[in-house]
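Here is how the chains run, residue by residue.
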Amino acid sequence: MPDRTSSFDPKLLEILVAPGTHAPLRYDAGRQELIDDKAGLAYPIRDGIPIMLADEARVLETGSNG
């Protein structure tokens with residue numbers, strides 16, 4: 001059975017932008033997230049679908065003391 005969460009369509013990544021900043025997003029395959037480096041937020045990908053809602057975003061840790 002194929003693992004539907006192991007990859008993300010690169011074509012979709014090309015057209016998606018961060019909801020608040022409109023910045024390009026970066027794909028983190030290990031955590032299954034789309035990263036908005038500008039806002040410091042990570043949006044989850046569930047069953048191959050990016051959840052681009054502020055309420056679902058995780059705040060990224062900064063620095064080395066986190």
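Report follows, based on the coordinates. None of the values given here were measured: they were computed from a predicted structure.

Summing up its helical and strand segments, the protein chain has one helix and five strands in all. When the helices and strands of the protein chain are read in sequence order from the N terminus, they spell out α-β-β-β-β-β. Counting all 66 residues of the protein chain, 27% fall into the buried class. The long-range share in the protein chain, meaning contacts at least 24 apart out of those at least 6 apart in sequence, stands at 23%. Accessible surface, the protein chain as shown: approximately 4,700 Å² in total, 53% of it carbon and sulfur.

Under the definition given, this model contains four salt bridges. R31 is paired through a salt bridge with E33; the nearest N and O atoms lie 3.9 Å apart. Judged by relative accessible area, which is 51%, R31 ranks as exposed. The partner of E33 in a salt bridge is R58, and the shortest N-O contact between them spans 2.7 Å. With a gap of 25 residues between them, E33 in strand β2 (residues 33–36) and R58 in strand β5 (residues 58–59) connect regions that are remote in the sequence.

With that settled, the discussion passes to the side chain of Q32. Residue placement: Q32 occurs in the loop between β1 (26–28) and β2. Within the local environment of Q32, its side chain forms a polar contact with the side chain of Y27, the two groups lying 2.8 Å apart.

The tendency in soluble globular proteins is for nonpolar side chains to be buried as a group. Judged by nonpolar contacts, F8, L16, A18, L25, L34 and I45 together constitute the single largest core of six residues. Apart from residues no more than four positions distant in its own chain, L34 is found in contact with F8, L13, L16, L25, R26, Y27, L41, A42, Y43, I45, P50 and M52.

Mapped onto the elements, A57 comes out in the loop between β4 (49–50) and β5. When the C-alpha atoms of A57 and P44 are compared, they prove to be 6.8 Å apart, with 13 residues separating the residues in sequence. Beyond its immediate stretch of four places on either side in the chain, A57 contacts L41, A42 and Y43.

Basis of the calculations
Residues numbered from 1 in each chain as written. Predicted model: local features only at pLDDT ≥ 70, side-chain atom pairs only at ≥ 80, totals over all residues. Heavy atoms only, no water. Helix = DSSP H or I, 4+ residues; strand = E, 2+ residues; numbered from the N terminus. Buried < 20%, exposed > 50% of the residue type's maximum accessible area, 1.4 Å probe, protein only. Contact = heavy atoms within 4.5 Å. Areas by Shrake-Rupley, 256 points an atom, 1.4 Å probe, with all protein chains shown as cover. Salt bridge = Lys/Arg side-chain N within 4 Å of Asp/Glu carboxyl O. Polar contact = N/O pair within 3.5 Å; in protein donor to acceptor, adjacent residues only side chain to side chain. Core = buried A, V, L, I, M, F, W, Y, C linked by side-chain atoms within 4.5 Å.

Nothing here speaks to function; it is geometry throughout.
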